[in-house]
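Structural characterization, general
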Amino acid sequence: MTYRDRFEAVYDAYYPAIHQYAARRAQSPDDTADVISETFLTAWRRIGDVPEGEEALLWLYGVARRVLANQQRGASRRAVLAERLRTELAADRPVRPVDLDHVRTAFDALPERDREVLALACWEGLTSERIAKVVGCTAIAARTRLHRARKRLAAALERQASLTIAMEEA
C-alpha cells in the first residue's frame, strides 16, 4: 500500500468523524473547514506516524484538538492586536482645526490630480522624486504638477478671501 493509498483510506474512513468533531467546536463553517484541512494536511505529511485501525481516529482527534487550540490562540492574538490598533489609530487621528475650513473647501474644489500631489507633498511629506514614483511619472513632471497645483490652490484661497471680504462689506 502506498502512502497515497494509506492516506486516502484514512481520509475516507474518518472524514465524517473529524468533520463532526470540528463542527461542534469551531466558531464558524470557515473555521470548521480550516480545522478539517489542517488536520488532514498533518495526516498527509505524517502518514507514517498515523496508527492503524481505530487508533488512527484517536490520533486525528488529537491533531484536530491542537489545530483548534492554535485557532483560538490566533483569534485571541488578533483580537488583542485589533484593539491595540483601534486605540492607536484613535489617538493618532489627525485633528482638523475649525479655522482652516476655508483651506479644506478650497482644497476639495481642486481636481483630484491636484489634490493627490498636494496631499502627498504636504500631508505625507514626500519629495517630487517620491511623488513621481507614487503617481507614475517623471520627477520633472511631478515637480511641475505640484507647482501648478500649489498655484491653483493659492488662487482658490484668494478667491475665497475676496468673497469673504465682499460679503463682510455688504
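Bear in mind the structure is a predicted one, so any value in this text is a computation, not a measurement. Each chain carries its own residue numbering, running from 1 in the written order of its sequence. Totals for whole chains, interfaces and linings use all residues, but because this is a predicted model, local features are given only for residues with pLDDT of at least 70 and pairs of side-chain atoms are given and counted only at 80 or more. The side-chain quantities take in all heavy atoms of the structure and omit both hydrogens and water.

**Things to note about the UniProt feature "domain: RNA polymerase sigma factor 70 region 4 type" (unreviewed entry) in the protein**
Put simply, the test is: UniProt positions are given in the numbering used here, feature names are shortened, and annotations may be inferred rather than shown by experiment. Labels follow the DSSP assignment, with helices taken as runs of H or I lasting at least four residues and strands as runs of E lasting at least two, numbered in each case from the N terminus.
In this structure's numbering, the residues bearing the UniProt feature "domain: RNA polymerase sigma factor 70 region 4 type" (unreviewed entry) are residues 103-153. Taken as a whole, residues 103-153 contains 80% helix and 0% strand, while its terminal C-alpha atoms sit 9 Å from one another.

**Some remarks on the packing of helix H2 (residues 29-45) against helix H3 (residues 54-92)**
Our working rule: Axes here mean lines fitted to C-alpha atoms, for a helix over just the part in contact, with angles spanning 0 to 180 degrees between N-to-C directions. Roughly parallel means an angle under 35 degrees; roughly antiparallel means over 145; roughly perpendicular covers 65 to 115; every other angle is labelled oblique. The crossing is said to be left-handed when, going from far helix to near helix, the turn is anticlockwise and less than a right angle, and right-handed when the turn is clockwise. Here a residue-residue contact requires only that any non-hydrogen atoms of the pair lie within 4.5 Å. For this classification, the nonpolar set comprises Ala, Val, Leu, Ile, Met, Phe, Trp, Tyr, Cys and Pro, the charged set comprises Asp, Glu, Lys and Arg, and every other residue, Gly included, is treated as polar.
The geometry of H2 relative to H3 is characterised by a closest axis approach of 9 Å and an angle of 130 degrees between their N-to-C directions. Here H2 lies oblique to H3, going by the angle between them. When you trace H2 past H3, the crossing you get is right-handed. Where H2 approaches H3, its residues Asp31, Asp34, Val35, Glu38, Thr39, Phe40, Thr42 and Ala43 are matched on the opposing element by Trp59, Leu60, Val63, Ala64, Val67, Leu68 and Gln71. Residues belonging to the contact of H2 with H3 are distributed by class as follows: nine nonpolar, three polar and three charged.

**Quick word on the side chain of Thr39**
Condition: Burial status follows relative accessibility: with a 1.4 Å probe on protein chains alone, a residue under 20% of its type maximum counts as buried, one over 50% as exposed, and anything between as partly exposed.
If you trace the backbone, Thr39 turns up in helix H2. Accessibility expressed as a relative area gives 0% for Thr39, which makes it buried. Beyond its immediate chain neighbours, meaning those up to four positions away, Thr39 contacts Ile18, Leu60, Val63, Ala64 and Val67.

**Overview of helix H6 (residues 128-135)**
Test applied: The arc refers to the directions leading from the helix axis to the C-beta atoms.
All buried positions along H6 are accounted for by Ser128, Ile131 and Ala132. All buried residues of H6 fall inside an arc of 105 degrees around its axis, so they share one side. Seen from the open side of H6, the exposed residues pointing more than 90 degrees away from its buried face are Arg130, Lys133 and Val134. Residue Gly136 follows H6 closely and has a positive phi angle near 80 degrees.

**Remarks on the UniProt feature "domain: RNA polymerase sigma-70 region" (unreviewed entry) in the protein**
Feature annotation in UniProt assigns "domain: RNA polymerase sigma-70 region" (unreviewed entry) to the following positions: residues 11-77. Helix makes up 84% of residues 11-77 and strand makes up 0%, while its end C-alpha atoms are separated by 31 Å.

**Description of the environment of Ala64**
Tracing the backbone through its elements, the reader meets Ala64 in helix H3. A residue is classified by how much of its surface remains accessible, and Ala64, at 0% relative accessible area, is buried. Along the backbone, Ala64 and Ser37 are 27 residues apart, and their C-alpha atoms lie at a distance of 9.5 Å. In this structure Ala64 touches Tyr21, Val35 and Thr39, once residues within four positions along its chain are discounted.

**Quick notes on the nonpolar core**
Going by this rule: The set of buried Ala, Val, Leu, Ile, Met, Phe, Trp, Tyr and Cys residues whose side-chain atoms join them within 4.5 Å is what this entry labels a nonpolar core.
Counting residues in each nonpolar core, the largest one holds 21 residues, and the members touching the most others are Val50 and Leu60. Secondary-structure elements contributing two or more residues to this core are helix H1 (3-25), H2 and H3. Examining the composition of this core, we find that eight residues originate from one element, H3, more than from any other. Ignoring sequence-local partners within four residues, the contact set of Leu60 consists of Val10, Tyr14, Ile18, Thr39, Phe40 and Ala43. Residues Leu110, Val117, Ala119 and Ala121 belong to the second largest nonpolar core, which totals 15 residues.

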